[in-house]
Amino acid sequence: MHIPSRKKIITSIIIANFLLLTITNSILYTGSIQSSDDIDLTDLIPSPTILYDSVELFPDGQSTLSLNLSFQKNWIYYFSFESYVPYSDTFMMDAFCQTPAGRNYHFFDYEDTIENDITKIYFEYGSAELGDHLISIVVNTSQNTNIHVYIEEYLPLETYYDHFTLEGLNESEFFCDINQYSSLRSSKIYSYPVRDDTEYKFNFFRVNPISQGDKEENNYENPNVEMLISLNGTIYYYYREIPTLDYALYGNVENDEFFDLERDFNNQTFIERFGAHCTGNLTILIILEGIIPFDLNFAFMVWEAGDIGNGTDGVEPPENVTIPNPINNDTEPEIYNKTLSTKMDEWLAGAGFFIQSNWWTLFFVFGSILALTAVFGKYKHVFRAQIKKIKKRIDSEVSDKKNGKKAEEVK
């Protein structure tokens, strides 16, 4: 059935209108076009993963339970060992850990009697490496002994810290890293982007337990820590050669009386603040000084605490500039992730909002174009004939003028 030309035009306009709105919505609500301010950056707290959960028999004498477990860098791991025997007058227990890079940790040593429902050893460990870790549980007992061995991948460090602190952290501006220090590796460099007129905070603490026997044998003292930061060529001194904190996570292995420890995160010696006077990258140097007889893991963190100025110095952050992600000097994978819109994203988003806001105007504009196109298509032979006539008339007038001019020149 033949559709009249007017209906064709109206139908074309309606179709074009729907296509226009569809394209607009696609630009606005798909891909990475949304501003980071419109994205919900609150992640669900990860569920702990049980790595080992079993009652193990340790027969009379000495025996070893070896576990090969995969750990993630910057995660906190929970260890628990609980006795399920009536009594053992001799009981010695040690826990060791060897990392993929061959670093060795002696988590604890225990030598005493053991009783059912009384003795429970527990602690947490912050991993500085990714990969398979060899966990060795060595037990020497005078009676057959049953121990419930429980190991859990608890939480990533940033979630763990946020869970046990009163700071009220902004997760999108939070950077943390667990690094291993030793006598041969006593310093670390970080880079962190800051904004003008903004306050930032730092914290630093140990995240691996050390056996009491090793501490006494080596006359262990907490090493001193010094932190220097540089911004735009200016150097600031933080942590001015002060002793590092004792084990700040959750455990009873570093306490003779075996009672619950509170997480000592809020030590004001290590929670320092910094006010940025310009936009740029902070260079952060951490140095441990003193005798370090063991492999030690320390957690370092920095986060944005809030605005402290209104830009009265006339300096504003550059627009649409992607600030480099924080890096460290070991070419390790980047930890920090900051969502920023690209220039192309902003152009596309702006075009989308313009189309959505002015779609009625564009409807008439595109409709008029379609109508003119349809009319021209139907009567194009008429238009061409008229154009030819006009062109012929103009050519004739030009020719007559030329002939008249030549005649006057002849006279």
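Now for a quick tour of the structure. (Residues numbered from 1 in each chain as written. Predicted model: local features only at pLDDT ≥ 70, side-chain atom pairs only at ≥ 80, totals over all residues. Heavy atoms only, no water.)

**Focus on the overall build of the protein chain**
Turning to step 1, where the next piece is worked out: Assigned secondary structure in the protein chain consists of six helices and 16 strands.
Turning to step 2, where the next piece is worked out: Counting only residues that meet the buried cut, the protein chain has 40% of its 411 residues in that class.
Turning to step 3, where the next piece is worked out: The long-range share in the protein chain, meaning contacts at least 24 apart out of those at least 6 apart in sequence, stands at 82%.
Turning to step 4, where the next piece is worked out: Accessible surface computed for the protein chain: about 23,500 Å², of which carbon and sulfur atoms make up 53%. (Helix = DSSP H or I, 4+ residues; strand = E, 2+ residues; numbered from the N terminus. Buried < 20%, exposed > 50% of the residue type's maximum accessible area, 1.4 Å probe, protein only. Contact = heavy atoms within 4.5 Å. Areas by Shrake-Rupley, 256 points an atom, 1.4 Å probe, with all protein chains shown as cover.)

**Describing the packing of aromatic side chains**
Turning to step 1, where the next piece is worked out: Scanning all chains against the criterion turns up 36 aromatic pairs.
Turning to step 2, where the next piece is worked out: With 5.8 Å between their ring centres and 50° between their planes, Y161 and W303 make a pair best called tilted. Placement of the pair is Y161 in helix α2 (residues 157–164) and W303 in strand β16 (residues 296–307), with a sequence separation of 142 residues. W303 matches Y161 in its accessibility class, with the two residues each being buried.
Turning to step 3, where the next piece is worked out: Measuring from centroid to centroid gives 5.7 Å for Y192 and Y200, while their planes differ by 80°, and the two rings are edge-to-face. As far as the burial class goes, Y192 and Y200 line up, both buried.
Turning to step 4, where the next piece is worked out: Taken together, F71, Y77, F79, F81, Y105, F107, F108, F123 and Y125 form an aromatic cluster joined through their ring pairs. (Phe/Tyr/Trp six-rings, centres within 6.5 Å; stacked < 30°, edge-to-face > 60°.)

**A short note on the nonpolar core**
Turning to step 1, where the next piece is worked out: With 82 residues, the main nonpolar core has F79, F81, F108, F202, F204, F205 and I284 as its most contacted residues.
Turning to step 2, where the next piece is worked out: Looking at this core, the element that brings in the most residues is β16, giving seven residues.
Turning to step 3, where the next piece is worked out: Beyond its immediate stretch of four places on either side in the chain, F205 contacts Y161, L245, A248, L249, F265, N297, F298, A299 and M301. (Core = buried A, V, L, I, M, F, W, Y, C linked by side-chain atoms within 4.5 Å.)

**Points about the environment of F265**
Turning to step 1, where the next piece is worked out: Structurally, the position occupied by F265 is in the loop between β13 (234–243) and β14 (272–276).
Turning to step 2, where the next piece is worked out: Once residues lying within four places of it in the same chain are set aside, the contact partners of F265 are Y160, Y161, F164, N203, F205, A248, L249 and I271.

**Side note on the side chain of E124**
Turning to step 1, where the next piece is worked out: Considering the arrangement of structural elements, one finds E124 in strand β6 (residues 120–126).
Turning to step 2, where the next piece is worked out: A polar contact is formed between the side chain of E124 and the side chain of Y160, at a distance of 2.4 Å.
Turning to step 3, where the next piece is worked out: Not counting residues up to four positions away in its chain, the partners in contact with E124 are I76, Y77, Y78, Y154, Y160, V207, P209, Y247, L249, Y250 and R263. (Polar contact = N/O pair within 3.5 Å; in protein donor to acceptor, adjacent residues only side chain to side chain.)

**Some points on the sheet that holds β16**
Turning to step 1, where the next piece is worked out: Taken in spatial order, the four strands of this open sheet run β9-β16-β11-β14, and their pairing is antiparallel. Every other strand in the sheet has two partners, leaving β9 (174–181) and β14 as the edge strands with one partner each. Sheet twist, expressed as the average angle between the axes of neighbouring strands with direction ignored, equals 20°.
Turning to step 2, where the next piece is worked out: Both strand β11 (residues 198–206) and β14 contribute to a ladder of five bridges, which runs antiparallel. Considered in β14, the bridge of E199 is made with G275.
Turning to step 3, where the next piece is worked out: Across the sheet, α2 is in contact with β9, β11 and β16; its angle to β9 comes to roughly 110°. (Pairing = 2+ DSSP bridges. Axes fitted to C-alpha atoms, helices over the stretch in contact; angles between N-to-C directions.)

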